[in-house]
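Each chain, letter by letter, is given below.
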Amino acid sequence: MMNVLLCDDSGKQVQVMKKVLLDYQNQKEQIFFHIFSTISSKEALKCIVSNTIDIAILDIEIDDKTGIDIAKAIKNNNKECKIIFLTNYDSFGYLAYEVEASAYILKPLEKTKLYNKLDKIIRDYHNETILKRYGSSRFEMKIKGKITYVYQYDILYIEKKGKNVLIVTDDLIYEYMANLKDIEKELGQECFLRCHNGFIVNINQILSFKRTELYVGNQHICIPVSKANIHKVAAVMEMKIWENIV
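Some remarks on the sheet that holds strand 12 (residues 199-202)
Ordered by their spatial adjacency, five strands build an open sheet running 10-9-8-12-11, and the pairing between neighbours is antiparallel. A strand with exactly one partner marks an edge of an open sheet, and here the two such strands are strand 10 (173-177) and strand 11 (192-196). Across the sheet, the mean angle from the axis of one strand to that of its neighbour is 20 degrees, orientation sign disregarded. Where strand 9 (residues 164-169) lies against strand 10, five bridges are found, and the strand directions are antiparallel. Residue pairing across strands places Val168 opposite Ile173, the latter belonging to strand 10.

Given below as structure tokens:
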């Protein structure tokens, strides 16, 4: 779940932004927002004291304090927070650079522009989360006598193919002689799942689950789930969902 702070001195504008965010959430898979709505800088500053804000969508001119002031306070607590400024004016753009704003959008709010910015922010957030979980862990393969590496977070799944295995990413497929059981021991145990006798799947690349099928990667590749592993996969997927909600 991502904490989102909305702050605008217009209650009507805050409600519009909230609806836009909820519409965006409903269009996406596995994106959950906890939205804090405020109409004053005092409320916004109070909110950030007790909550870690992941995305802040701020008007620049609010009351005795500006959106820039609020953004600075947020950055003091969480440097990773992504800031989006909304304003009627275009003369504050240079100030946005002081807080490393992710976007600067003029009113009236265009939903498409905000959605495009959110897509990038959430994609970056997802990548950063995975990097923190995996670190810089690399997986080593010996192909035709040469050592080749691939980052574990890039692996979609690993498939047994006779005496060989296929290491599959969104862009490449690596094939070499190896044993699936030995590979399983080398992988991050929290991030990979044996879903079938012939398949190991990256949990963080799973897009959807249909009892005996998993779908992974940009191309929604179908991976079989054996009957013996259905309950194990279902338990892992349920845990993954709750990680996003709680």
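What to know about unusual backbone geometry
Most peptide bonds take the trans configuration, and most residues that are not glycine carry a negative phi. Residue Lys107 is joined to Pro108 through a cis peptide bond whose omega torsion reads 0 degrees. Considering the arrangement of structural elements, one finds Pro108 in the loop between strand 5 (103-106) and helix 5 (111-134). With a phi angle near 55 degrees, Lys144 is a residue other than glycine that sits in the positive phi range. Tracing the backbone shows Lys144 in the loop between strand 6 (138-143) and strand 7 (146-151).

Regarding the environment of Tyr215
Along the chain, Tyr215 turns up in strand 14 (residues 213-216). The spatial distance from the C-alpha of Tyr215 to the C-alpha of Leu156 is 9.8 Å, given a sequence separation of 59 residues. Beyond its immediate chain neighbours, meaning those up to four positions away, Tyr215 contacts Gln205, Ile206, Leu207, Ser208, Lys210, His220, Ile221 and Cys222. Within the local environment of Tyr215, its side chain forms a polar contact with the side chain of Glu213, the two groups lying 2.6 Å apart.

Quick word on a negative patch on the surface
Taken together, the side chains of Asp9, Glu61, Asp63, Asp64 and Asp69 define an acidic patch exposed on the protein surface. As for its position among the elements, Asp69 is in helix 3 (residues 67-77).

Section: the packing of aromatic side chains
All told, the structure shown has four aromatic pairs when counted by the stated rule. A ring pair is formed by Tyr151 and Tyr153, whose centres lie 5.4 Å apart and whose planes are at 10 degrees; its orientation type is stacked. By relative accessible area, which is 21% here, Tyr153 ends up partly exposed. Taking 6.0 Å as the distance between ring centres and 45 degrees as the angle between the ring planes, the aromatic pair formed by Tyr157 and Phe199 counts as tilted. With Tyr157 in strand 8 (residues 155-161) and Phe199 in strand 12, this pair connects stretches of sequence that are 42 residues apart. As far as the burial class goes, Tyr157 and Phe199 line up, both buried.

Focus on the pairing of strand 5
The side chains of a regular strand alternate between both faces of the sheet. Residues Ala103 and Ile105 point to one face of strand 5 and are all buried, whereas Tyr104 and Leu106, pointing to the other face, are not buried. Bridging between strand 4 (residues 82-87) and strand 5 involves four bridges; their strand directions are parallel. When the sheet's bridge partners are listed, Ile84 is paired in strand 5 with Ala103.

Description of the side chain of Asn229
Positionally, Asn229 belongs in the loop between strand 15 (221-224) and helix 7 (230-245). Reaching out from Asn229, the side chain makes a polar contact with the side chain of Lys232 at a distance of 3.1 Å. Excluding residues within four positions of it along the chain, Asn229 makes contact with Arg194, Cys195 and His196.

Considering the pattern of salt bridges
Enumeration according to the criterion identifies eight salt bridges in this entry. Of the charged contacts, one joins Lys28 and Asp119 as a salt bridge, the two residues approaching to 3.2 Å between their closest N and O atoms. Of the two residues, Lys28 is situated in the loop between helix 1 (11-27) and strand 2 (33-38) and Asp119 in helix 5; the sequence distance between them amounts to 91 residues. Residues participating in the shared-partner salt-bridge network are Asp8, Asp59 and Lys107.

Considerations on the nonpolar core
Core analysis: the biggest nonpolar cluster contains 23 residues, and Leu21, Phe33, Ile55, Ile57, Ile84, Leu114 and Leu118 have the highest contact counts within it. Elements supplying a minimum of two residues to this core: strand 1 (2-7), helix 1, strand 2, strand 3 (55-59), strand 4, strand 5 and helix 5. If near-sequence neighbours (up to four positions away) are discounted, Leu118 is found in contact with Leu21, Tyr24, Ile55 and Ile84. Core analysis: the next-biggest nonpolar cluster, separate from the first, contains 20 residues, Ala56, Ile68, Ile74 and Phe85 among them.

Here's the deal with the sheet that holds strand 13 (residues 206-209)
The antiparallel open sheet is built from three strands, whose spatial order is 13-14-15. Each end of this open sheet is capped by a strand with a single partner; those strands are strand 13 and strand 15. Within this sheet the neighbouring strands show an average axis-to-axis angle of 30 degrees, counted without direction. As judged from the four bridges shared by strand 14 and strand 15, these two strands associate in the antiparallel manner. Residue pairing across strands places Glu213 opposite Pro224, the latter belonging to strand 15.

Analysis parameters
- Residues numbered from 1 in each chain as written.
- Predicted model: local features only at pLDDT ≥ 70, side-chain atom pairs only at ≥ 80, totals over all residues.
- Heavy atoms only, no water.
- Pairing = 2+ DSSP bridges.
- Helix = DSSP H or I, 4+ residues; strand = E, 2+ residues; numbered from the N terminus.
- Axes fitted to C-alpha atoms, helices over the stretch in contact; angles between N-to-C directions.
- Contact = heavy atoms within 4.5 Å.
- Polar contact = N/O pair within 3.5 Å; in protein donor to acceptor, adjacent residues only side chain to side chain.
- Patch = residues over 30% accessible without salt bridge, like charges linked within 9 Å, V, L, I, M, F, W, Y side chains within 5 Å.
- Areas by Shrake-Rupley, 256 points an atom, 1.4 Å probe, with all protein chains shown as cover.
- Salt bridge = Lys/Arg side-chain N within 4 Å of Asp/Glu carboxyl O.
- Lys, Arg positive; Asp, Glu negative; His and termini not counted.
- Charge placed at Lys NZ, Arg CZ, Asp CG, Glu CD.
- Phe/Tyr/Trp six-rings, centres within 6.5 Å; stacked < 30°, edge-to-face > 60°.
- Buried < 20%, exposed > 50% of the residue type's maximum accessible area, 1.4 Å probe, protein only.
- Core = buried A, V, L, I, M, F, W, Y, C linked by side-chain atoms within 4.5 Å.

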